[in-house]
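Commentary on secondary and tertiary structure
Residues per chain are reported as follows:
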Amino acid sequence: MAVNVIKEKCRGCSICVKNCPFEAITMENKLAVIGTACTGCGVCVEKCPFDAIEKSEEPKDTVDLSEYRDVWVFAEQREGALMPVVKELLGEGRKLADEIGCSLCSVLCGNHVEGLADELFEYGADKVYLADHKELESYRTDAYTSVIHDAIKSHKPEIVLLGATHIGRDLGPCLAVRCNTGLTADCTKLEIDVEDKKIKQTRPAFGGNLMATIVCPNHRPQMSTVRPGVMEKAERQEGRKGQVIPLSVSFEEDDIRTRILEVVKQAGEAVSLTDAEIIVSGGMGLGGAEGFELLKKLADKLGGVVAASRAAVDAGWIDHSYQVGQTGTTVRPKLYFACGISGAIQHVAGMQNSEQIIAINKNPAAPIFEVADYGIVGDFNQVIPALIEALDK
Ligand SMILES: Cc1cc2nc3c(=O)[nH]c(=O)nc-3n(C[C@H](O)[C@H](O)[C@H](O)COP(=O)(O)OP(=O)(O)OC[C@H]3O[C@@H](n4cnc5c(N)ncnc54)[C@H](O)[C@@H]3O)c2cc1C
Ligand code: SF4
Ligand code: SF4
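Cut-offs and rules
Residues numbered from 1 in each chain as written. Chains lettered and ligands numbered in written order. Predicted model: local features only at pLDDT ≥ 70, side-chain atom pairs only at ≥ 80, totals over all residues. Heavy atoms only, no water. Near = heavy atom within 4 Å. Nonpolar A, V, L, I, M, F, W, Y, C, P; charged D, E, K, R; others polar. Disulfide = S-S within 2.5 Å. Buried < 20%, exposed > 50% of the residue type's maximum accessible area, 1.4 Å probe, protein only. Polar contact = N/O pair within 3.5 Å; in protein donor to acceptor, adjacent residues only side chain to side chain. Areas by Shrake-Rupley, 256 points an atom, 1.4 Å probe, with all protein chains shown as cover. Helix = DSSP H or I, 4+ residues; strand = E, 2+ residues; numbered from the N terminus. Pairing = 2+ DSSP bridges. Axes fitted to C-alpha atoms, helices over the stretch in contact; angles between N-to-C directions. Contact = heavy atoms within 4.5 Å. Salt bridge = Lys/Arg side-chain N within 4 Å of Asp/Glu carboxyl O.

1. A short note on the site of ligand 3
Surrounding ligand 3, one finds 13 residues, the nearest of these being Cys20, Cys38, Cys41, Gly42 and Cys44. Among the residues forming the shell around ligand 3, the class breakdown is ten nonpolar, three polar and no charged.

This is the structure we're talking about:
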C-alpha cells in the first residue's frame, strides 16, 4: 500500500498532520510530506478535505496456492529423543491432514537420528523428510533454518506445525520470514475452515483475555507454533511404516554463525508437570511456602506432583518450574487438585483440559468452581489432612 500527496491539490491545511495516528506526516513548504513511519492505514486519505492524498495498491506477490500440499510437523529431538510435543502435533496434524485430504509428514533434523523415523511413522507420519548431518546434532538457528527452508521450497507443504518450545519459537519465525509467509505463535486450537480448507489458528492474546483466530489466506505454507500440552497425543500404532525422504545437507563452515560451546542441563529444580497424571496445585490461599508441604504429602500419597499458581510463584513460595497457566506449563493430568486457587483465566488456561478437577477453596463464589468437577468449600488446612486420613483408611 502506498500513500501519496498530490502536490497540486494540497492546500497546506495540516489537517492530515493532526489526524495521522503514527505521526508520519510533516509540513514542508506548506505541503504535506509522508514519511517512513506511514503504515498505510489510510486515515489521512479520508481526512483530507481537498482529496489531496491518494492510496494506491502495490502489486501483491501472488502465490499459486494449488502447488502446496501436505501437513508437516517439525520433529523436534534432543539428544536423539523426540520431544513429547511432537506426538501432540502428530495427533493434531493427522486430524488436519484427514480433513484436507492430504498426507501427514514430518521433518526431522539431527545426527544419526534415522531411527526416530520409525517412531514418527508409528505416531502417524506418512513420510519423514530426514536431514542427517553432524552439523545438525544440536539445534542451531542457521543450520536448521537453512535445511528446512530448502525442503519447504522443494516440497511445498501447505501447513507447517512446530511445538512452541524454546527451539520451535526460535525456528518458526526464521522459517516464516525466509518463506515470506504468515506464522501464528503459541496456538491452542487449530481447525480447518470447511469452506476453503484454510487453517484457522486460535491463540490467547492480551494476557489471555481474548482468543484471536488468525488465518493466512494468500501465502504458503501456513505456519503455527503450538503450545505444548494442549493437543492430544497421537496413539502409537506398533509396526506402522512410511516413506523416508532424505534431504540434501551441504554446509560451508561460515554458513552457520552460532557455535555451541557447552550445553548446560537445567540446574534448578526439574519437574515434569506435562507427564504427571495427578497434580496437587496450590495458590495464594495456602498463605505461605509451608502450605506446599501439606500438598506434597497428599501428592506423595497419590503418586502425583505438586504445582502452583503464578501468584504463589511470585510470592516466592515455590520455583517457577512448578507454575501452571498461560505463562507457566499447560497440563492435562487425570486429576488436578486446585487448592486455594481462585481460578483466574490465566491459570485456568493451563489446566482446564484436565480429566477431573477438584477445587478446594474457602470462597464458594471463587471462579475455580465453574471449571471444577468436584468442589469442596472449606479451609485447605482442614480438607487436605481429612483427605489424607481417608486415603489411609
Ligand atoms: C499476562 C498474565 C499472565 C498470567 N499467567 C499466569 C499463569 O501462568 N498462572 C497463574 O496461575 N496465574 C497467571 N496470572 C495471574 C492470574 O491472573 C492470577 O493473579 C493468579 O492465578 C491468582 O493466583 P491464586 O489463585 O493463587 O491467588 P488468588 O487469586 O489470590 O486466590 C486465592 C484463593 O485462595 C482462596 N483461599 C484463601 N484462603 C484459603 C484457605 N485457607 N483454604 C482454601 N482456600 C483459600 C481464596 O478464596 C481465593 O479464591 C497471569 C496474569 C497475567 C496478567
Ligand atoms: S489535509 Fe490534505 S490539503 Fe491539508 S495538508 Fe494534508 S494533504 Fe494537504
Ligand atoms: S496512511 Fe495513515 S500512517 Fe500513513 S500518513 Fe496517512 S494517516 Fe499517517
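So that's the structure; there's more coming.
2. Observations concerning the state of the cysteines
On inspection of all chains with the given rule, the structure shows zero disulfides. The thiol of Cys174 is not disulfide-bonded; the next cysteine sulfur, from Cys179, is found 11 Å away. You can call Cys174 partly exposed: its relative accessible area is 28%.

3. Some points on the site of ligand 1
Taken together, 25 residues are adjacent to ligand 1, and Ser309, Thr327, Ser342, Gln346 and Asn361 come closest. For ligand 1, an oxygen atom lies 2.8 Å from a polar atom in the backbone of Arg310. Lys362 places a polar main-chain atom, nitrogen or oxygen, 3.2 Å from a nitrogen atom of ligand 1. Isolated, ligand 1 exposes 990 Å² of accessible area, and the fraction of that covered by the protein chains is 75%. The set of elements that each furnish at least two residues to the shell around ligand 1 consists of α8 (310-314) and α9 (345-348). Residues belonging to the shell around ligand 1 are distributed by class as follows: six nonpolar, 16 polar and three charged.

4. Some details on unusual backbone geometry
Along the chain, Arg220 connects to Pro221 via a cis peptide bond; the corresponding omega equals -5 degrees. The topology assignment puts Pro221 in the loop between β14 (210-214) and β15 (222-226). Backbone geometry at Asp51 places phi at a positive 50 degrees, although glycine is not the residue there. Tracing the backbone through its elements, the reader meets Asp51 in the loop between α2 (43-47) and β4 (53-56). With relative accessibility at 52%, the residue Asp51 sits in the exposed group. Its identity is not glycine, yet Lys156 carries a phi of approximately 50 degrees, on the positive side. Turning to its location among the elements, Lys156 is positioned in the loop between α5 (141-155) and β10 (159-163). You can call Lys156 partly exposed: its relative accessible area is 22%.

5. A short note on the sheet that holds strand β5 (residues 71-74)
Strand pairing within a sheet occurs via backbone hydrogen bonds; the two strands may be parallel or antiparallel. Sheet architecture is open: seven strands sit in the order β11-β15-β10-β5-β8-β9-β16, paired in parallel fashion. Strand pairing shows two members of the sheet lacking a second neighbour, β11 (183-187) and β16 (243-246), which therefore form its edges. The sheet shows a mean angle of 25 degrees between the axes of neighbouring strands, direction not considered. Examined bridge by bridge, strand β8 (residues 104-110) and strand β9 (residues 127-132) share six bridges and lie parallel to one another. By the bridge assignment, Val107 is partnered in β9 with Tyr129. Here helix α3 (residues 84-100) sits on the sheet and contacts β5, β8, β10 and β15; the angle it forms with β5, its principal contact strand, is near 175 degrees.

6. Focus: the pattern of salt bridges
Close approach of charged atoms lets side chains of opposite charge pair. The final tally for this structure, using the stated rule, is 18 salt bridges. Two residues, Lys87 and Glu119, come together in a salt bridge whose shortest N-O distance is 3.8 Å. Highlighted residues: Lys87 in helix α3 and Glu119 in helix α4 (residues 116-122), separated in sequence by 32 residues. Accessibility expressed as a relative area gives 16% for Lys87, which makes it buried. In this structure, the salt-bridge partner of Asp186 is Arg169, at a minimum N-O distance of 3.1 Å. One end of the pair, Asp186, is in strand β11; the other, Arg169, is in helix α6 (residues 166-179), and 17 residues separate them in sequence. Relative accessible area serves as the criterion here: at 44%, Arg169 is assigned to the partly exposed category.

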